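Chain by chain, the residues:
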Protein chains: 2
Amino acid sequence: MLIKDIGEQGLLRILQKFCPAEIVGDDCAVLPTNPHQSLAVTTDMLVDGVHFSDRTTSPYDAGWRAAAANLSDLAAMGAKPLAVTVALAVTADTAVLWVEEFYRGMTACLEVYHTPIAGGDVVRSSVVTISITAFGEVECDRTIRRSNARSENWAIVATGVHGASRAGLELLLNPEFGLNLEKGDRTSLILAHQQPKPRLDVLPMLWEILGCEGEIEPPLSPPLGKGGKQDLNSPPLSKVGVNSPPLTKGGPGGVNSPIAIAGMDSSDGLADAIIQVCRASGVGANVDRQKIPIPPIFSQLVSPETALDWALYGGEDFELVLFLPIANAELLVEKIGNGAAIIGMTTDSTDIWLTDSSGIYGDIRLESDRGFQHF
Amino acid sequence: MLIKDIGEQGLLRILQKFCPAEIVGDDCAVLPTNPHQSLAVTTDMLVDGVHFSDRTTSPYDAGWRAAAANLSDLAAMGAKPLAVTVALAVTADTAVLWVEEFYRGMTACLEVYHTPIAGGDVVRSSVVTISITAFGEVECDRTIRRSNARSENWAIVATGVHGASRAGLELLLNPEFGLNLEKGDRTSLILAHQQPKPRLDVLPMLWEILGCEGEIEPPLSPPLGKGGKQDLNSPPLSKVGVNSPPLTKGGPGGVNSPIAIAGMDSSDGLADAIIQVCRASGVGANVDRQKIPIPPIFSQLVSPETALDWALYGGEDFELVLFLPIANAELLVEKIGNGAAIIGMTTDSTDIWLTDSSGIYGDIRLESDRGFQHF
């Protein structure tokens, strides 16, 4: 039996037997190192011609994207980066300049987040291959897990616009596309594809909102209503829930410790992120297609259907998709600004619906079918 | 300019520009995570046809050896393993059984040392490639560094026999070789090659000898004599040095903290390990060829010259080569038993001599020329 007979999913099922279930299955593996902190670890392997190609990506951008993808996985766990290691396989005929540019791109991205390359390995091969492993530290009670979402009055937050990376790729591949765009808009979409930014900047805002920055925050308003899609149109913070879960749990010594929130990054698409978190948490969701943040310039570029398709399935936007109590979510969205939005609410069913608060479209099930398959 | 024009050393020089010097250059990168502990990290990439081949290595053994090599790097830093991540590239025509056997071998080795596989990545490629990253924890004052060796009365310890892996390889490659061996001896040499054991078991003995197991050890005798090759023949612990460095340094709160000892593993050969540590520490060494531990069975198998050649340059024995004060070294060797030996002493020159306490051979410079080049 060969790999092609069982496919990626078949292979993953076999390999999972060798990994303890309690430390895998999220954006990073999480290893407790002491009672208060864990080590978050993530690995990506990139192969020339499969994950990058000189025809579409400069080595500088390939390096940037590789670093960004790993840092985004750390951000999706709530982890602060410590370092990355890089294993590199090159052929005898690989250009030295290619390697230098790849490392330049990687370090340019890493330096924004004060993350060093802590060595690695260099070998020869018949195909250029890069394996990056990123390490970060996360406070145990801040670990963002896919399985942490709850169904009562929890909102789903996208930390920024979706579809920009897909639009940038289209601009790069199709010279007839987007000729009406101004240079600045064009550059901005292309950069979203070539040099995506991992949303590590969201974490301090999140900890502040959740009141776990070492200071006791002023009491937050309790969460809204009873959940479900109708809440999406409610004015923020206008209703006081009665059966709402507390916004913070009492921690030791009277200091509030944060709620364990849920989330992952949208590297494999927004739809995939929503579905993965809902499945891991055993909750459903109503996601309002009118609330999904897309680049404003899309109105001059593509139909609303294509815009939604790119936003849900384009992938590689490297935003965070966070699930947390609605009142916290509203504060977070306000703090992030710049495209962040509450796009839906969890429900206590297991169905995931794409709804339409404008009333034009009926509810349809959100499918993962159009999500990326890496293999 | 292509990679073949600059070679491995040229490429490494370029890549070093991108890595902070203070965290690389040892068997592992060392990242301080809190005032008392550091994270030790090591990465290996293995390519089908370059680092393993079905013609010489079963997938089970390839997996075992990959795990062992990474755990050995942790042992060489004094680090306790936390976990490994594995990134795997397979072709469409890779046999599923090959992958399962590789993981079975890897986990068989890892389980001996209670080390889980904390996930990884699976991708497709035109050549089977595995990248393993191992991480462990090390107490800051126990970190074993290549640069820690001192020149006064410090001994060089090999934690076990050398040359066995090379002999095992010869037995596998050459059916005419070693026909006189008994089956048990044959199997033992072949296993030394196929399933080497990382010397993580040495670390608790080392901490105990150095008096850093949380207990205050009874005071150790101060180190011996003035160093140099003549000390190799001194009876253990019979002389008391006057100008000797202390065996333990006073730590906070009156608890003795350990001496920072030096070392690395002998995966690239015993000669390479000795030379690397001496260079990194700015010390010289006299290594007595009569003291280098080799498998006793070598006397029935090869000439003394070949035995020495295999011991110094065979590589892949995955023993530790430790540099520490002679009195500690003697206690350690006694504790390890089973092939461990003091093979030489450091000196305050920068020359590294291969001496002969039997008087047959004159002193010759120990060269690294015959060491492995990976590239």
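Scroll up for the structure.
Residues numbered from 1 in each chain as written. Chains lettered and ligands numbered in written order. Predicted model: local features only at pLDDT ≥ 70, side-chain atom pairs only at ≥ 80, totals over all residues. Heavy atoms only, no water.

(A) Just the nonpolar core, in detail. Counting 97 residues, the largest nonpolar core has Tyr103(B) and Leu322(B) as the members making the most contacts within it. In terms of residue count, helix 2 (residues 59-77) of chain B provides more of this core than any other element does, 11 residues in total. If near-sequence neighbours (up to four positions away) are discounted, Tyr103(B) is found in contact with Leu15(A), Phe18(A), Val86(B), Leu88(B) and Ile117(B). Judged by nonpolar contacts, the second largest core, of 96 residues, contains Ile132(A), Ile274(A), Ala285(A) and Ile292(A). (Core = buried A, V, L, I, M, F, W, Y, C linked by side-chain atoms within 4.5 Å. Buried < 20%, exposed > 50% of the residue type's maximum accessible area, 1.4 Å probe, protein only. Helix = DSSP H or I, 4+ residues; strand = E, 2+ residues; numbered from the N terminus. Contact = heavy atoms within 4.5 Å.)

(B) Fine view of the packing of aromatic side chains. A complete count under the given rule lists 15 aromatic pairs over all chains for this structure. What links up through ring pairs into an aromatic cluster is the set Phe18(A), Phe52(B), Trp98(B), Phe102(B) and Tyr103(B). Its end group placed over the ring of Tyr361(B), Arg289(B) keeps NZ or CZ at 3.9 Å from the ring centre. (Phe/Tyr/Trp six-rings, centres within 6.5 Å; stacked < 30°, edge-to-face > 60°. Lys NZ or Arg CZ within 6 Å of the ring centre and 35° of its normal.)

(C) Region of interest: the relation of the copies chain A and chain B. Overlaying chain A on chain B yields an RMSD of 0.0 Å, the required transformation being a rotation through 180° with an accompanying axial translation of 0.1 Å. In symmetry terms, the pair is related by a two-fold rotation axis. No C-alpha of chain A lies nearer the rotation axis than that of Ser131(A), which sits 3.3 Å from it. Interface overlap between copies is the fraction of interface residues in one copy that are interface residues in the other; for chain A against chain B it reaches 98%, indicating a shared surface. (Least-squares fit on C-alpha atoms with pLDDT ≥ 70 in both.)

(D) Geometry of the sheet that holds strand 14 (residues 364-365) of chain A. All names here are of chain A. Spatial ordering of the open sheet is given by 9-11-6-12-10-13-14, a layout of seven strands whose pairing is mixed. Single-partner strands in this sheet number two, and they are strand 9 (262-265) and strand 14. Judged from the five bridges that link them, strand 6 (residues 154-158) and strand 11 (residues 320-325) form a sheet pairing that is antiparallel. Within the sheet, the bridge partner assigned to isoleucine 156 lies in strand 11 and is phenylalanine 323. Taken strand by strand, helix 7 (residues 270-281) contacts strand 9, strand 10 (284-288), strand 11, strand 12 (341-347) and strand 13 (352-355), and its axis lies near 150° from that of strand 9. (Pairing = 2+ DSSP bridges. Axes fitted to C-alpha atoms, helices over the stretch in contact; angles between N-to-C directions.)

(E) The arrangement of empty space enclosed by the protein in detail. Using the criterion set out here, one finds three cavities of 30 Å³ or more in the structure. Roughly 110 Å³ of internal volume is contained in the largest cavity. Around the largest cavity, the lining residues are Thr33(A), Asn34(A), Gln37(A), Ser38(A), Leu39(A), Glu137(A), Thr33(B), Asn34(B), Gln37(B), Ser38(B), Leu39(B) and Glu137(B). Elements represented by at least two residues in the lining of the largest cavity include exactly strand 2 (37-47) of chain A together with strand 2 (37-47) of chain B. Of the residues contributing to the lining of the largest cavity, the split by class is two nonpolar, eight polar and two charged. (1 Å grid on protein atoms, 1.4 Å probe; cavity = no way out; pocket = protein on both sides within 12 Å on 5 of 7 lines; lining within 4 Å. Points joined across faces, edges and corners; volume = space filled by probe spheres on them. Nonpolar A, V, L, I, M, F, W, Y, C, P; charged D, E, K, R; others polar.)

(F) How the structure looks around the environment of Gly168(A). Within the fold, Gly168(A) resides in helix 4 (residues 164-173). For the pair Gly168(A) and Ala192(A), spaced 24 residues apart in the sequence, the C-alpha separation amounts to 6.5 Å.

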